[in-house]
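Structure assessment
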Amino acid sequence: MAGNDWINSYLEAILDVDAGINDQKSSLLLRERGRFSPAQYFVEEVITGFDETDLHRSWVRASAIRNSEERNTRLENMCWRIWNLARKKKRIEGEEAQRKNKRHSERERARREATADMSEDLSEGEKGDTVGDLTRVDSIRGRMPRVSSVDMMANWASQNEEKKLYLVLISLHGLIRGENMELGRDSDTGGQVKYVVELARALGAMPGVYRVDLLTRQVSAPDVDWTYSEPTEMLNPPNPDNPMNEIGESGGAYIIRIPFGPKDKYISKELLWPHIPEFIDGALSHIVQISKVLGKQIGSREPLWPVAIHGHYADAGNSAALLSGALNVPMIFTGHSLGQDKLEQLLKQGRQSREEINAMYKIMRRIEGEEISLDVSEVIITSTRQEIEEQWRLYDGFDPVLGRKLRARIKRNVSCYGRSMPRMVVIPPGMEFHHIIPHDGDMDGEVGNEDSSGTPDPPIWSEIMRFFSNPRKPMILALARPDPKKNLITLVKAFGECRQLRELANLTLIMGNRDAIDEMSTTNSSVLLSILKLIDKYDLYGLVAYPKHHKQSDVPDIYRLAAKTKGVFINPAFIEPFGLTLIEAAAYGLPIVATTNGGPVDIHRVLDNGVLVDPHNQQSIADALLKLVADKQLWARCREHGLNNIHLFSWPEHCKAYLARVMSFKQRLPKWSRNNDVHTDSESDAPGDSLRDIHDLSLNLNMSLDGEMNEGNGSSNNALTCRENAIDGKNQVNSAALTLSLDEYMDKSESSKFSASRNKVIHVIAIDCDSAADILNITKTIIEAGRTDKNADSVSFILSTASTLSEINSLLNTGGLKPSDFLAFICNSGGEIYYPSPDSEENSSGSPYIVDSDYHSHTEYHWGKESLRNTLVRWATSINDQTKDKDGPVLSEDNSGSSHCYAYKVNNLALVPPFKELRRLMRIQALRCHAVYCQNGTRINVIPVLASRAQALRYLYVRWGIDLSNVIVFVGECGDTDYEGLLGGIHKTVILKGVCRDASKLHTNRSYPLEHVLPTDHPYTVECEQCNMDDIRASLGKLGFNKG
């Protein structure tokens, strides 16, 4: 159909309307080829069924072809294409129905299993906490005091003035700045940008809050304003005249722009995913540094760590989750717009399959980011109950029924058996009202320079009024991007087809900013052109305004103009997650007409200042607008209700509810920072610079290298007992136990292998071969290549692997390597971190390893322990029962030697469900964990959700201050299912070509393709063609190491 663009647009119009084409009659008509009449079909089944200008023009153009054979052929081809598309839509709908049924049955089964584990009868308590109880929106109106009350704010200040809170907000995509926000510039710079900036500003002004950082992307592209490249921007307080807010030296609210991704390019949110690790590392560096600065400013010996990290949207939520794990601080998440809901809407349209949608929007990676946010968050903040009841329940990680059971058990101090569910809290977005004063004079209906104050009218007024023949008529105002989901086309139709409405009112459409229609995106330009055609069709010239430009500072004046004319604000969107513009309009005294789908329902319940309508019902939209415009008494009542209740949506009210939630969290901080003996003021706190805080390490464990671990007796000379075990687990060689006291260890710290300085180069060997011999050979090659005579003392090595400590110990013994050759060992896919003991060098019977128990405290959050293990055992048993492989069980439990890793040997990977299915199973059981398929599919490690090999490196940065820019990670061409986490970031990466290539089979059935998250042309990544010493040294040279 090349060259027939009008046909494609015509087909899209039919599918958009989604009526008449899928019925049985049409399909039968198409099948009756003997007496088929294209003209009859189009006239009876298409043209008469739709009132679309473009459709009619397409029909006229095709019918005007003089050659009857060509005309009929073209029309018939169009018919068959429509029919095929309709069949495709039905097929997609059928597949999705099957998927939903499967998901429902799995969720019910998981719920039964979870309930069986939690065997205590709590039926009465569980019934008492419903989803509706998650919010108090129903009852806040008329009960809460106005936030403008000086007494109330003074009381809040007196209760919280002693607190010194540090909050971190994250919003990555779009263009964010404090003033003159370019809202509507593109689909990424919308309401979320305004929300996060105002939230940061409002929180920074609250008593008890010392500092708020809003982290976003630094953009230095030539096509955006230079202000977006500024690394720091201070946000002015919402009310500079407020004397209660005292700002310290570095206190207040700030926008912090972290450089990540292409340096000179502004890219869409769908393309940001490969660069998220780089942001996390940069953000972690900022938070660690500023926390130390703030701690000193408030007179504390310890850093002032964030009390919470709040992610906004999926990309920021994913980032916040990993930062939360690295710092061991609570996390909050706000979705704004949810990927699962968008996927459902796109699938309903029937134009694209799930795979096509994923390729365009990277939707599955977005959904996974939201699932990770559910895994880690303490609280999910939503704007409406609809978001909870209809959108969040689509996710594997949230089940309102199971959540109620868990909350009931928590209230009664009964064990939840390792299960957890984030709390859903409805806190509507706020708005600043101190500068809004709706005067009675706004009601006179006069527009012009007749104001008694003599103040000239704002320029935007004349820009709008020049469109109108009679600017004194009430103005119907809509403020939205020209996006199909905003439903502006239906609004224009409703206005154009209602004669009474046209006679009584004008229509103003504020549809973002544009220079030329041809320069707009295809979707936005299509909507705008359709609106212009409808204006022409209904002859609405002089009745409809659609200015090309406006500034963000003009928006309040636009609301004032609409209120001055006694107009109405309308939001007719098909689905509106919240509807902040409705609150803004109400603050200026405008009654509202809003969609019944989404947040406006809750807003209307509180404000009671307008009418809700079905966005698909054109007539109901026209009737509601006419009712408010024509009935002046109703208009006045709606205005009064809105103004009386609008204080319930103020930013101070929002912040009070927000901070109340934050203060209710169980405090989590980096463990070592709570010890008074920690020396935080030293110039360098890397491992080798000071081990005075090594007493935080776990020296009170009796541990054997074959995987057994028992707690010590708690005496002052707690011991670490080790035994060697062969890698196959069969031949055990017992080593003599060494009793190592804390004081003895401290005396030997200077000779320890932790003597590396902060600037030391660290080579991380993260090769994921299933052969121990291959790992050994590659490890020795990397050590020989990285360590030369000139830099022998400036290079250290970390072994990062899925193997157990026992297997690592056997590997080192086989290859003639010593534990002291390494700075640290990351074992069990990141479930454990060990260090070499300095005693092993001087005493052959000494204990060679020491476990970092502080890392356990970082990853302990939401770890399911025995309940998780029981669920894994049931899962493995069901797999073995289903397959009954002749070579023995497909899955068998293995000994990981750790309480923070449950391991399984895999006999036949082809018979085991992909790792995304295991992850999904754990989530619907409310068990939060990280399942890793490793060692070329011969092993499965299940570790805490906040643990991974990449997170272990970030922990070492926070714990010891190692410089991540001096870390070089060696990986294969592919690897375990946690492979993506090892690439990207600010560390350097060397990819050994040809190594671990077979591991690609682990990634064949992912929820999203690996290429969606792997950075291409990353400046810190090089490929090494051969795994030999010369090529590795050449690769290090490309990265700026091993030179000279």
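Whatever comes next refers back to the structure up there.
Note that this is a predicted model, so its numbers are computed, not measured. (Residues numbered from 1 in each chain as written. Predicted model: local features only at pLDDT ≥ 70, side-chain atom pairs only at ≥ 80, totals over all residues. Heavy atoms only, no water.)

This brings us to the overall build of the protein chain. When you go through the protein chain residue by residue, the secondary structure sums to 35 helices and 30 strands. Of all 1044 residues assigned to the protein chain, the portion counted as buried reaches 59%. If you take every contact in the protein chain between residues at least 6 apart in sequence, the share linking residues at least 24 apart comes to 73%. Carbon and sulfur atoms make up 47% of the accessible area of the protein chain, which totals about 42,600 Å². (Helix = DSSP H or I, 4+ residues; strand = E, 2+ residues; numbered from the N terminus. Buried < 20%, exposed > 50% of the residue type's maximum accessible area, 1.4 Å probe, protein only. Contact = heavy atoms within 4.5 Å. Areas by Shrake-Rupley, 256 points an atom, 1.4 Å probe, with all protein chains shown as cover.)

Of the two faces of strand β21 (residues 824-827), the one holding Ala-824 and Ile-826 and the one holding Phe-825 and Cys-827 are both buried throughout. With 3 bridges joining them, strand β20 (residues 795-800) and β21 adopt parallel strand pairing. Looking across to β21, one finds that Ile-798 is bridged to Ala-824. In terms of handedness, the path from β20 via helix α29 (residues 805-815) over to β21 forms a crossover that is right-handed. Hairpin connection between β21 and strand β22 (residues 832-836): a loop of 4 residues separates the two successive antiparallel strands, and Asn-828 in this loop has a positive phi of roughly 50 degrees. (Pairing = 2+ DSSP bridges. Right-handed = clockwise from strand over helix to strand, strands pointing away.)

Moving on, we come to the pattern of salt bridges. One pass over the structure, following the stated rule, counts 40 salt bridges. The residue Arg-185 makes a salt bridge to Asp-186 at a minimum N-O spacing of 3.4 Å. Linking Glu-270 and Lys-269 is a salt bridge whose minimum nitrogen-to-oxygen distance equals 3.9 Å. Owing to a relative accessible area of 13%, Lys-269 belongs among the buried residues under this scheme. Within the structure, one salt-bridge network assembled from shared partners comprises Arg-177, Glu-182, Arg-185, Asp-186 and Asp-225. (Salt bridge = Lys/Arg side-chain N within 4 Å of Asp/Glu carboxyl O.)

Hydrogen bonds between backbone atoms are what pair the strands of a sheet, whose relative direction is either parallel or antiparallel. Pairing is mixed across the open sheet formed by 8 strands, whose spatial order is β3-β4-β2-β1-β5-β6-β7-β8. Bordering the open sheet on either side are β3 (232-235) and β8 (423-426), each of which pairs with just one other strand. Looking at each pair of strands side by side, their axes are set apart by 25 degrees on average, direction ignored. Pairing analysis gives 6 bridges linking strand β1 (residues 165-170) to strand β2 (residues 209-217), with the strands arranged parallel. Of the residues in β2, the one forming a bridge with Val-168 is Asp-213. Where helix α11 (residues 313-327) meets the sheet, its contacts fall on β1, β5 (308-312) and β6 (331-334), and the angle it forms with β5 comes to roughly 160 degrees. (Axes fitted to C-alpha atoms, helices over the stretch in contact; angles between N-to-C directions.)

The tally for this structure, following the rule as stated, stands at 7 cavities of 30 Å³ or more. Volume-wise, the largest cavity comes out at about 670 Å³. What lines the largest cavity is a set of 38 residues, and nearest its centre among them are Leu-322, Arg-365, Ile-372, His-930 and Glu-980. Contributing elements (two or more residues each) for the lining of the largest cavity: α10 (276-297), α11, α14 (363-376), α33 (915-924), β26 (929-934) and α34 (949-960). Tallying contributions element by element places α14 first for the lining of the largest cavity, with 5 residues. Taken together, the residues that form the lining of the largest cavity break down as 22 nonpolar, 6 polar and 10 charged. (1 Å grid on protein atoms, 1.4 Å probe; cavity = no way out; pocket = protein on both sides within 12 Å on 5 of 7 lines; lining within 4 Å. Points joined across faces, edges and corners; volume = space filled by probe spheres on them. Nonpolar A, V, L, I, M, F, W, Y, C, P; charged D, E, K, R; others polar.)

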